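# Survey of secondary and tertiary structure
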Amino acid sequence: MNGTDGRRAERWTADQVLALASDTSSREAGTVLATAARWSGTGSSGTAVWGLCAGSGGAPYRAVADTAGPAFGCSCPSRAFPCKHALALLLLWAGGEVGPAAHGGGRPDWVTEWLDARRAREERTERGERGTSGGDREAARRRAERRAGRVAAGATELERRLADLLRGGLAGADREGYRRWEETAARMVDAQAPGLASRVRELGALAGSGGDWPSRLLEETALLHLLARGCLRQDSLPEPLAATVRSRVGFTVDSAELLAGPTVRDRWLVLARHDTADDRLTTRRTWLYGEATGRTALLLSFGAAGRAPEPGLPVGLGLDAELAFHPAARPLRAVLGPRHSAPLPGRVPPGVPVAAALDRYGRAVAGDPWLDAWPVVLAGVVPIPGGAGWQVADADGSDAVPVVAGGAGAGAGLWRLAAVSGGHPVTVFGELGHQGFRPFTAWAGTDTEPVPLTV
């Protein structure tokens with residue numbers, strides 16, 4: 001995938017390029033620099049695009065991109081990735097202002113060096129994954145056994161603390177403050193069960209939050225108790241459900257191990273991309289849809305606090321690739337494996353009416369009771385603004401679902417959805433949960449570009 005195999009890169013749209021930006025300032029700066037007068041020595045070959053951008057210094061910045069990755073390189077000192085120069089270069093390429101390399105000219109040496117270095121890194125990583133020794137595997141097995149013991153002890157302690165909470169009653173939970181919850185969460189971190197720790201913190205945030213908080217606290221306490229019991233009785237659970245429990249507790253499977261097993265090859269359409277951040281981590285969620293299998297997949301990537309993860313795939317593209325799914329009762333999270341062609345423009349995904357989407361969500365929860373939301377594509381729906389909250393409804397008015405207030409798809413995104421619709425039925429992808437529907441991407445017709453609803 002280094003642009004040296006002779007494949008021709010299909011041009012992206014400007015929106016697909018801008019979707020790669022890690023922040024608003026990079027997006028705006030890249031747009032300003034996307035003028036041919038600022039560039040020289042541009043060209044493309046296979047999936048590689050390159051050019052020289054005049055800067056404030058004497059030497060121009062060297063920008064290069066591999067659209068099959070996508071991957072980017074630039075000689076500028078920016079910490080943004082991709083930087084404004086890479087974004088500007090791709091905007092020019094998307095607009096047809098960067099053509100193939102002149103006949104006989106080929107790629108400049110610095111572009112070839114960058115591509116070769118990238119391939120060498122990929123090969124070293126692959127060799128390292130294949131070269132795990134028997135001693136390493138035995139050490140990993142012993143570490144896994146020690147961790148399993150710590151997690152079991154943590155789940156046992158959590159059960160005891162939840163029982164104490166219920167014996168004392170929930171009515172006074174808001175008067176104890178957050179300190180008790182944070183101390184319990186810290187104990188779960190010590191037990192190497194980050195999933196349990198996260199859910200304990202969520203319990204602490206519920207106490208005293210809104211008039212019906214005792215009932216919501218009771219519901220979430222019951223789910224956490226169920227997860228702790230499942231953790232302690234994994235051997236008696238069906239393997240798909242046991243895998244779900246391990247995932248919810250915080251156990252992970254190495255990507256190389258997943259890719260060494262069965263994979264699913266399909267033409268995967270990029271449905272949406274959404275970033276969330278806290279004080280420690282930025283998480284990028286990329287949703288894919290398999291055109292042949294009809295499966296939906298979730299790719300997760302992470303970046304340090306204040307920094308976006310590595311560039312994701314632009315919304316609206318389709319790629320012929322293999323995915324390896326994490327084991328679960330309802331497999332959804334996946335790892336991206338080998339790609340068999342450069343990304344190409346995708347199509348509008350098929351969708352279902354509201355009632356069918358609700359049925360899919362219900363069946364998903366039956367397999368994974370800790371599920372917060374399930375990805376669905378709604379077809380032929382109309383957004384309906386309202387003082388009491390937005391809704392999306394079937395065009396014939398037969399069924400409707402509330403739109404989740406706050407978070408992704410709120411504010412400007414909802415009005416963008418209304419503008420795309422113009423009162424007419426649209427196709428919308430989003431997450432459907434017990435609170436309602438959170439929209440991420442919309443399509444106005446059967447042959448239109450996707451419109452991201454999140455910034």
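Anything mentioned here points back to the structure above.
Residues numbered from 1 in each chain as written. Predicted model: local features only at pLDDT ≥ 70, side-chain atom pairs only at ≥ 80, totals over all residues. Heavy atoms only, no water.

## Some words on the sheet that holds strand S3 (residues 61–66)
Taking strand neighbours across the sheet as the criterion, the four strands line up as S1-S2-S3-S4 in an open arrangement whose pairing is antiparallel. Two strands in the sheet have a free side with no partner beyond their single neighbour: strand S1 (39–45) and strand S4 (71–74). Neighbour to neighbour, the strand axes of the sheet diverge by 10° on average, direction disregarded. Where S3 meets S4, four bridges bridge the pair, whose relative direction is antiparallel. Counted as the bridge partner of alanine 63 is cysteine 74 from S4. Strands S1, strand S2 (48–53), S3 and S4 of the sheet are contacted by helix H3 (residues 84–94), whose axis makes an angle of about 60° with S3. (Pairing = 2+ DSSP bridges. Helix = DSSP H or I, 4+ residues; strand = E, 2+ residues; numbered from the N terminus. Axes fitted to C-alpha atoms, helices over the stretch in contact; angles between N-to-C directions. Contact = heavy atoms within 4.5 Å.)

## Considerations on unusual backbone geometry
Although it is not a glycine, glutamine 192 adopts a positive phi angle of roughly 60°. Here glutamine 192 shows up in the loop between helix H6 (179–190) and helix H7 (194–206).

## Structural notes on the state of the cysteines
A full pass over the atoms with the stated rule returns zero disulfides. Note on cysteine 53: no disulfide assigned, nearest cysteine sulfur contributed by cysteine 74 at a separation of 7.8 Å. Not engaged in a disulfide, the cysteine cysteine 83 finds its nearest cysteine sulfur in cysteine 74; these two sulfurs lie 3.6 Å apart. (Disulfide = S-S within 2.5 Å.)

## Structural notes on the nonpolar core
With 35 residues, the main nonpolar core has Trp287, Val428, Phe429 and Phe437 as its most contacted residues. Those elements that provide at least two residues to this core are strand S5 (264–277), strand S6 (281–290), helix H11 (354–367), strand S11 (373–384), helix H12 (412–421), strand S14 (426–433) and strand S15 (436–443). Setting aside residues no more than four positions away along its own chain, phenylalanine 429 makes contact with Leu271, Ala272, Trp287, Pro375, Val376, Val377, Phe437, Pro439, Phe440, Thr441 and Trp443. (Core = buried A, V, L, I, M, F, W, Y, C linked by side-chain atoms within 4.5 Å. Buried < 20%, exposed > 50% of the residue type's maximum accessible area, 1.4 Å probe, protein only.)

## Examining H6
When the terminal C-alpha atoms of H6 are compared, their 17 Å separation across 12 residues agrees well with the 16 Å that a helix rising 1.5 Å per residue should span. All buried positions along H6 are accounted for by Trp181, Thr184, Ala185 and Met188. Angular distribution of buried residues about the axis of H6 spans 100°; they occupy a single face of the element. Pointing more than 90 degrees away from the buried face of H6 are the exposed residues Arg179 and Asp190. Count one or two residues on from H6 and you reach glutamine 192, which has phi positive near 60°. (Expected span 1.5 Å × (residues − 1). Arc of directions from axis to C-beta.)

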